[in-house]
Amino acid sequence: MIGQHGYIFGQRALTGGTNVMQYLTLALFFILAVWIQAVDIEVWPLFPLSESDREQCRSEIYCQGPLLATVQSSDLFIDCKRFVDMPGKYSEDIIVKNFAKLPKNASKDAVMGFVTDNFERPGHDLRVVVPGDWIEEPPSIKKIKNHRLREFALAVHSKWKALVRMVDPEKTCQECASSVLKLPHPFVVPGGRFRELYYWDTFWILEGLYVSGMCETAHMNIKNFQWMIKTYGFIPNGSRTYYLNRSHPPLFTMMVRRYMDQCVPLKEQSQYIKEILPYLDQEYMFWDKFRSVKLMNPTDPKRPFRMSRYHADTNLPRPESFLQDVLSAQTNGLSTDARKRLFQQIATGAESGWDFSSRWFNGSATNFTSIVTSNIIPVDLNSIMYRNEMILADFHDLGGTPASSKRYGERAQNRLEGIKTYLWKKDEWIDYDFVRKVSMNSEKTFVVSNLAALWYGAFSAAELSPTAIERMLQKYWHVLWGYPGGIPIGEVSSGQQWDFPNVWAPIQLHFINVFEALASKLPDGGAFWKRRAVDVAQKLINTTYCGYHNYKQFFEKYHAQVVGEPGGGGEYIVQDGFGWTNGVILTVLDRGREETDQETGQEEVAFRKRERTKSIASWIDQHPFLSLSILIFVFLLLSFLVTLIKVAPYDPVGSRSMSGILRQPTPALLTPHIGDDPAILV
Ligand SMILES: OC[C@H]1O[C@H](O[C@H]2O[C@H](CO)[C@@H](O)[C@H](O)[C@H]2O)[C@H](O)[C@@H](O)[C@@H]1O
């Protein structure tokens, strides 16, 4: 771009008559352009936005102010999110004026009347769309031989039709108030109360879409993220104005990498990288500029470690959980400043995606005044950033910008050393509180993020051998394999949703990947770890399958101790849908085709037998008289045959006797059909 400007300038300079000054200016521009390319990463973004430029949520309805406070404090709905998802029937100005007409201390009924008069139901400004690339039976699902699992996968696959949304401009007037971000393309929502696009959820949703053969829908989500980066300079938590002051775990670069591998033909990949890189650089810049903390490097103080933290840009209650946040502050009688700090820390907890977890508290997780998310250097976030830096180094290399590639490589190396210095504790990684300068979680209660560096490969393979990883995993045997419902998020039971006993599908997939990768690195082929991966996969399928059969729902989280039961805790009831659960189920079923195939014989035979029995039973049910007549007829026939055998002369050879014939095994019956189930021999 800079080169292009230089060229145009040069054209004008040449046509307007050449002079030394013009050449000098041209040369100066050229030098500037080269310098800009060479200095630090800070100058890369294509869409530079200063702190003050960055759009904040200023809406008096959806973000802050007396209207929001009055409606939410009136406790009209079970879930505060309901109100901030309601589009207005009029513009914000008109609604605010209508609100001013309400008397001070208006009754609950009066506030409800105001809401009904001025707002539509949540989701009114969104349209459900059936994605164009959705087909009844995608080839990869057809290939699942096990009948029940195939049907299960199809049930999950059919959920995409209910989870894809589009902003619907026709439903509301142009200037009507709404918290919806006007995404240009269709997007996949998690489901239930989550009616908008969610940043990190989308990673696992896309994984499921690949199994469903829906590259186009996956691409639409990616393009929406590109639009967000261009419009806001970063990717918010979700596509609502009230999420504009925080992001989510930064998985976009990894999503793009996977999308490219899955959907972009090899010969188009280098062009695709060139197109997408400015967006990835910009996202990286956001995290680097607004979420970095420099930590002392003891071996080289001039080269501090640049580590990441979560840090929401607000000190107000979260609009979608307004009452909870205000009550947390009130019950603890906090000063104005302390309230602001509390709200900032809570919103930061939401940015982490783990909202909420005992991980973020330096006291009891039931008392929000001890939440310190912003003060923590989290293992998972820094592992994600490390992986992003590695991918960006690779992309710049492929995209023909080796200097940038080198800089990202150096960043990755710096972070790796930082992780080792501050987070690594003998045989796991532990979050670090850089304010108090202590490791979190001093009681040594296990939380799965202590192994998150394994999920993203953020450790030095030279220093951590496969055997050391095996030891590390075996130490937590009771958590990783001790529960029938899968791997719980940790051992602490606090009542928060990112604590025991909740099992989250994405975490199961992380561990399946780790065990598979470990197996591939072991000299004996890693049969043991392959089995462990299958074990986790099997538990995920068992619990989601039973959950679906018992409740006809795909839950957002499950219970570690009771197969098929939803998880709980936190500030809203467990949701049905559910984007990332569906994505992980499809991925696991697709990958585990080998394993499920081995069981196909027995499974299929047992299934068909049950189906046959069921259909015979239902036929009898429908034709009671006919069935009775057949029964009497068979009885009479048998009695007649028995009498006949009794009176027939004894034949010692047996070849022609009835009983002899009945004993003759026919080759067809001896050949096990599908599987060796003895049931088929009858
Ligand atoms: O409304 C409360 C919070 O809800 C979201 O968090 C939870 O759901 C998200 C969507 O599935 C998920 O990404 C997150 O990990 C969950 O904890 C939302 O992301 C929060 O910002 C919000 O405060």
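Reading the values: rules and limits
Residues numbered from 1 in each chain as written. Predicted model: local features only at pLDDT ≥ 70, side-chain atom pairs only at ≥ 80, totals over all residues. Helix = DSSP H or I, 4+ residues; strand = E, 2+ residues; numbered from the N terminus. Near = placed C-beta within 6 Å. Nonpolar A, V, L, I, M, F, W, Y, C, P; charged D, E, K, R; others polar. Pairing = 2+ DSSP bridges.

Right, let's get into unusual backbone geometry. Glycine aside, a negative phi is what most residues show, and trans is what most peptide bonds show. In this chain, Asp355 is followed by Phe356 through a cis amide linkage whose omega measures 0 degrees. Topologically, Phe356 is positioned in the loop between helix 15 (336-351) and strand 6 (376-377). Cis geometry is adopted by the peptide bond preceding Pro501, which originates at Phe500 and carries an omega value of 5 degrees. Among the secondary structure elements, Pro501 is positioned in the loop between helix 20 (477-480) and strand 9 (502-503). Of note, the phi angle at Lys426 is positive, near 60 degrees, even though the residue is not glycine. Along the polypeptide, Lys426 turns up in the loop between helix 17 (402-423) and strand 7 (432-433).

Now for the environment of Pro523. Structurally, Pro523 is set in the loop between helix 21 (505-521) and helix 22 (527-551). Between the alpha carbons of Pro523 and Pro184 there is a distance of 50 Å; along the sequence they are 339 residues apart.

Turning next to the site of the ligand. In the vicinity of the ligand, 14 residues are found, and the nearest of them are Pro190, Tyr198, Ala350, Gly353 and Asp355. The class makeup of the residues in the shell around the ligand is 5 nonpolar, 4 polar and 5 charged.

This next bit is on the sheet that holds strand 1 (residues 126-128). Spatially, 3 strands are ordered 1-2-3 in an open sheet, and the strand pairing comes out antiparallel. The two strands at the open ends of the sheet, each matched to only one other strand, are strand 1 and strand 3 (187-188). Across 2 bridges, strand 2 (residues 164-167) lies against strand 3 in antiparallel orientation. Bridging across to strand 3, Arg165 finds its partner in Phe187.

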